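Listed below, chain by chain, are the residues.
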Amino acid sequence: MHRTIPIPDLQQSFREVLEEVKNEHVPYVLTDDSRPEAVLVPYDEFLKFQRFREAEILARFDELWARIGKQNAEISEQEIDEDIATACSERSQQ
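Cut-offs applied
Residues numbered from 1 in each chain as written. Predicted model: local features only at pLDDT ≥ 70, side-chain atom pairs only at ≥ 80, totals over all residues. Heavy atoms only, no water. Helix = DSSP H or I, 4+ residues; strand = E, 2+ residues; numbered from the N terminus. Rg over C-alpha atoms; globule rule 2.2 N^0.38 Å. Buried < 20%, exposed > 50% of the residue type's maximum accessible area, 1.4 Å probe, protein only. Salt bridge = Lys/Arg side-chain N within 4 Å of Asp/Glu carboxyl O. Patch = residues over 30% accessible without salt bridge, like charges linked within 9 Å, V, L, I, M, F, W, Y side chains within 5 Å. Areas by Shrake-Rupley, 256 points an atom, 1.4 Å probe, with all protein chains shown as cover. Arc of directions from axis to C-beta. Contact = heavy atoms within 4.5 Å.

Asks: A description of the overall build of the chain should follow, citing residues and the corresponding values.
Replies: From N to C terminus, the chain includes 4 helices and 3 strands. Taken from the N to the C terminus, the helices and strands of the chain come in the order β-α-α-β-β-α-α. For 94 residues, the compact-globule formula gives about 12 Å, and the C-alpha radius of gyration of the chain, at 26 Å, lies well above that figure. For the chain, the spread of C-alpha atoms along the three principal axes comes to 70 × 30 × 20 Å.

Asks: So what about unusual backbone geometry? Which residues, and what values?
Replies: Its identity as a non-glycine residue notwithstanding, His25 has a phi of 55 degrees, on the positive side. Classification of His25 by relative accessible area gives partly exposed; the value is 43%.

Asks: Now, about the pattern of salt bridges: what can you tell me, with residues and values included?
Replies: Summed over all chains, the structure comprises 5 salt bridges. Glu45 serves as the salt-bridge partner of Lys48, at 3.4 Å between the closest nitrogen and oxygen. Residue Lys48 and its partner Glu45 are located together in helix 3 (residues 43-71), separated by 3 residues, close to a single helical turn. The class for Glu45 is partly exposed, based on a relative accessible area of 36%. Within this structure, Arg15, Glu19 and Lys22 form a network of salt bridges that share partners.

Asks: Summarise a nonpolar patch on the surface; cite the residues concerned and give the values.
Replies: Residues Val39, Val41, Tyr43, Phe46 and Leu47 make up a contiguous nonpolar surface patch of about 450 Å² in total accessible area. Note that Val41 resides in the loop between strand 3 (35-40) and helix 3. Judged by its relative accessible area of 35%, Val41 is partly exposed.

Asks: Run through helix 2 (residues 14-24), naming residues and quoting values.
Replies: Of the residues making up helix 2, those classed as buried are Val17, Glu20 and Val21. Along the axis of helix 2, the buried residues cluster in a sector spanning 95 degrees; they form a single face. The exposed set on the far side of helix 2, more than 90 degrees from its buried face, consists of Arg15, Glu16 and Asn23. Where helix 2 is buried, its residues meet strand 1 (3-6), helix 1 (7-12), strand 2 (28-32) and strand 3. Immediately beyond the C-terminal end of helix 2, within one or two residues, lies His25, with a positive phi of roughly 55 degrees.

In structure tokens form, the structure reads like this:
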């Protein structure tokens, strides 16, 4: 379960809140005018979140790569070579 603390209150009790986050693994939602703005979490939780985000990004990349492969499955090596030659020719004329 998390706790919520206004940013001005955090400034007054930072050491206590930090100890609670570190030792009891209690996340704190920091608010500014009652709006959530940030979260203090233990470092190991942050690392888990980062790994999750990286895995999600890699999965999306794999999906995109598969989709590109599927869309380009009908294109021959010769067509690719011709497209590259055309692009190089157009580039050298600029």
